[in-house]
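Secondary and tertiary structure notes
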Amino acid sequence: MKTKGALEGIRILDLSRVLAGPFCTMMLADLGAEVIKIEIPGKGDDSRSFGPFVNGESGYYMNVNRNKAGVTLNLKKQEGRELFLKMVEKADIVVENYRPGVMEKLGLGYDVLKETNPKIIYGAVSGFGHYGPYTQRPGYDVIGQASCGLMSVTGWPDGGPTRVGTAMADSLAGYSLAIGILAALQYRSSTGVGQKVDIGMMDAGIASMQIIYPIYTMGGRLPERIGNRYESNYPTDTFETKDGMMVIGAANDKLWAKLCEVMGKPELAADERYDSNPKRVEHYMEIRPVIQEWTRNYTTKDAVELLLEHGVPASPINDLAQVTEDPHARAREMFVHVTHPVAGDTVLNGSQFKMTETDPLIERPAPLLGQHNEEVYGELLGLSAGQIAQLEEQGIM
């Protein structure tokens, strides 16, 4: 019988906003952690103003802030800072994505928080991290994608540098912060000592470009933009069909031979010009038209099914509508319905973690601004409803 949440019993104070930090804490909340999202009174997370909107509520915000309790607190006021420190005493983790130095100016930097709670794990994500010459530069996703080199190798040979079609630098930083926090939790469980986890988007991007940087650092060549083709093997590329586009990933000699057999050209597999990956990469312009001529004789569905029957990796290039209806994505519960108090029925991205004992649950909608002030401050700090109302009137909550 499954229990609820691998991280049950872990309390996180989430000061982050927009994407990298909220994405990190969303994953940890999905895994069972108690996440208390702390927002600016009267304003909240910037992403509350990002579309699409459902009954005035941001779909962007709702998707990455599910499973969290929501409170408001003004950290620019002394009373707000004092309340926050009382919360830190009862927390395991603090997550923030302010520009480096902001928390220190508020008197709430890691050095202060660890005096309040030596076991606290302090997760910080920013554009360039908390030390280095660029630390004070602002960091948004597109800055991260540009600075780490990702945009320089994304796009077509005759086009300019292109960002990935989603906020990939933010997402990579969010993943990195979550992994760092989990490692810090394990270290604390054996030593009793907390620590600071410092993630920069530029760092996360560089670390994630595992197959690209060695081309330059070890091979001495600057990778170029090559569209959907891979630098390290061929044919891994996109091809036109009768009714659309598909991708084939014949990434080794065995798969290349199978592809040649399916195309009715087994002689190509034995051709000394194409009998190894390095040779196929070198001669890709001779190979591509051959495959393209074959795929154009089939619909995407038929070509993919034929290749898969013979063990050749292939896939249609799905649009988002196709993915949301895909039977595999549905079987893996990658889109879930959660009822929001204002937006009503919402469809959120599911959790990528599938676990036999503590499978993640997505059951709590993103909070309205300050929705859980009374619940959280009452239970955690023992404040009465009257005290909370007074603090709200004073602009502290």
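Above this text you will find the structure in question.
What about the sheet that holds strand 9 (residues 236-240)?
Spatially, the three strands line up as an open sheet ordered 9-10-11, and their pairing is antiparallel. A strand with exactly one partner marks an edge of an open sheet, and here the two such strands are strand 9 and strand 11 (314-316). Strand-to-strand, the axes of this sheet are offset by a mean angle of 25°, without reference to chain direction. Packing of helix 13 (residues 284-295) onto the sheet brings it into contact with strand 9 and strand 10 (245-249), and relative to strand 9 it is tilted by some 45°.

Points about the packing of helix 17 (residues 373-381) against helix 18 (residues 385-393)
Helix 18 packs onto helix 17 with a crossing angle of 120° between their chain directions and a minimal axis gap of 10 Å. Relative to helix 18, helix 17 is oriented oblique. Once helix 17 is placed against helix 18, the crossing between them reads as right-handed. Every residue of helix 18 that contacts helix 17 at Asn373, Glu374, Tyr377 and Gly378 is listed here: Ala385, Ile388 and Glu392.

Examining the pairing of strand 10
Strand direction decides the pairing type here: strand 9 and strand 10, joined by five bridges, are antiparallel. Each bridged residue has a counterpart across the sheet, and for threonine 236 the counterpart in strand 10 is glycine 249. Connecting the antiparallel pair strand 9 and strand 10 is a turn made up of four residues.

Concerning the pattern of salt bridges
Going through the model one piece at a time under the given rule, you end up with 18 salt bridges. Put simply, arginine 330 and glutamate 325 hold a salt bridge, and the shortest N to O gap is 2.8 Å. A cluster of three or more residues bridged by salt bridges with shared partners is formed by Asp271, Arg273 and Glu286.

Regarding the sheet that holds strand 8 (residues 196-200)
Reading across from one edge, 5-2-1-6-7-8 is the order of the six strands in this open sheet, with parallel pairing throughout. A single partner strand is all that each edge strand has here, and the edge strands are strand 5 (68-72) and strand 8. On average, adjacent strands in this sheet sit at an angle of 20° to one another, irrespective of strand direction. Where strand 7 (residues 121-126) meets strand 8, five bridges bridge the pair, whose relative direction is parallel. In the sheet register, glycine 123 faces strand 8, and the bridge partner there is valine 197. Packed onto the sheet, helix 17 meets strand 1 (11-14), strand 2 (34-39) and strand 5 and runs at close to 90° relative to strand 5.

Description of the nonpolar core
Counting residues in hydrophobic clusters, the biggest one holds 33 residues, and the most contacted among them are Ile12, Leu28, Ile93 and Leu177. Not counting the four nearest positions on each side in its chain, leucine 28 is found in contact with Leu7, Ile12, Ala33, Ala178, Ile181 and Leu182. Ranked by size, the runner-up nonpolar core spans 31 residues in total, among them Phe84, Met87, Val88 and Leu113.

A short note on a nonpolar patch on the surface
A cluster of nonpolar side chains, contributed by Tyr140, Val142 and Ile143, occupies part of the molecular surface with about 290 Å² of accessible area. Along the chain, valine 142 falls in helix 6 (residues 141-147). You can call valine 142 partly exposed: its relative accessible area is 41%.

Re the packing of aromatic side chains
By convention here, two paired aromatic rings are described through the distance between centres and the angle between planes. Counted by the stated rule, this structure contains six aromatic pairs. Ring centres of phenylalanine 23 and tyrosine 175 lie 5.1 Å apart, and the angle between their planes is 90°; this geometry places the pair in the edge-to-face category. A residue pair is termed long-range when its members are at least 10 positions apart, and phenylalanine 23 in helix 1 (residues 20-30) and tyrosine 175 in helix 7 (residues 168-191) qualify at 152 residues. A relative accessible area of 35% places tyrosine 175 in the partly exposed class. With 5.2 Å between their ring centres and 85° between their planes, phenylalanine 50 and tyrosine 60 make a pair best called edge-to-face. Placement of the pair is phenylalanine 50 in the loop between strand 2 and strand 3 (53-54) and tyrosine 60 in helix 2 (residues 59-64), with a sequence separation of ten residues. It is arginine 48 that lies over the ring of tyrosine 61; its NZ or CZ is 4.0 Å from the centre. Taking NZ or CZ as reference, arginine 137 lies 3.7 Å from the ring centre of tyrosine 134, over its face.

Brief notes about helix 3 (residues 78-89)
Taking 1.5 Å of rise per residue, the twelve residues of helix 3 would be expected to cover 16 Å, and the 17 Å separating its terminal C-alpha atoms lies within 8% of that figure. Within helix 3, the full set of buried residues consists of Gly80, Arg81, Leu83, Phe84, Met87 and Val88. All buried residues of helix 3 lie within an arc of 160° about the axis, which places them on one face of the element. Looking at the buried residues of helix 3, the elements they touch are strand 1, strand 2, strand 6 (93-96), helix 5 (110-116), helix 17 and helix 18.

A few points about the environment of tyrosine 61
Note on placement: tyrosine 61 falls in helix 2. Between the C-alpha atom of tyrosine 61 and that of methionine 26, which follows or precedes it by 35 residues, the distance is 11 Å. Ignoring anything within four residues of it in the chain, the contact list for tyrosine 61 reads Lys37, Glu39, Asp45, Ser47, Arg48, Ala366 and Pro367. Here arginine 48 takes part through its side chain, which lies 2.8 Å from a polar atom of the side chain of tyrosine 61.

What counts and how
Residues numbered from 1 in each chain as written. Predicted model: local features only at pLDDT ≥ 70, side-chain atom pairs only at ≥ 80, totals over all residues. Heavy atoms only, no water. Pairing = 2+ DSSP bridges. Helix = DSSP H or I, 4+ residues; strand = E, 2+ residues; numbered from the N terminus. Axes fitted to C-alpha atoms, helices over the stretch in contact; angles between N-to-C directions. Contact = heavy atoms within 4.5 Å. Parallel < 35°, antiparallel > 145°, perpendicular 65-115°, else oblique. Left-handed = near helix turned anticlockwise from the far one by under 90°. Salt bridge = Lys/Arg side-chain N within 4 Å of Asp/Glu carboxyl O. Core = buried A, V, L, I, M, F, W, Y, C linked by side-chain atoms within 4.5 Å. Buried < 20%, exposed > 50% of the residue type's maximum accessible area, 1.4 Å probe, protein only. Patch = residues over 30% accessible without salt bridge, like charges linked within 9 Å, V, L, I, M, F, W, Y side chains within 5 Å. Areas by Shrake-Rupley, 256 points an atom, 1.4 Å probe, with all protein chains shown as cover. Phe/Tyr/Trp six-rings, centres within 6.5 Å; stacked < 30°, edge-to-face > 60°. Lys NZ or Arg CZ within 6 Å of the ring centre and 35° of its normal. Expected span 1.5 Å × (residues − 1). Arc of directions from axis to C-beta. Polar contact = N/O pair within 3.5 Å; in protein donor to acceptor, adjacent residues only side chain to side chain.

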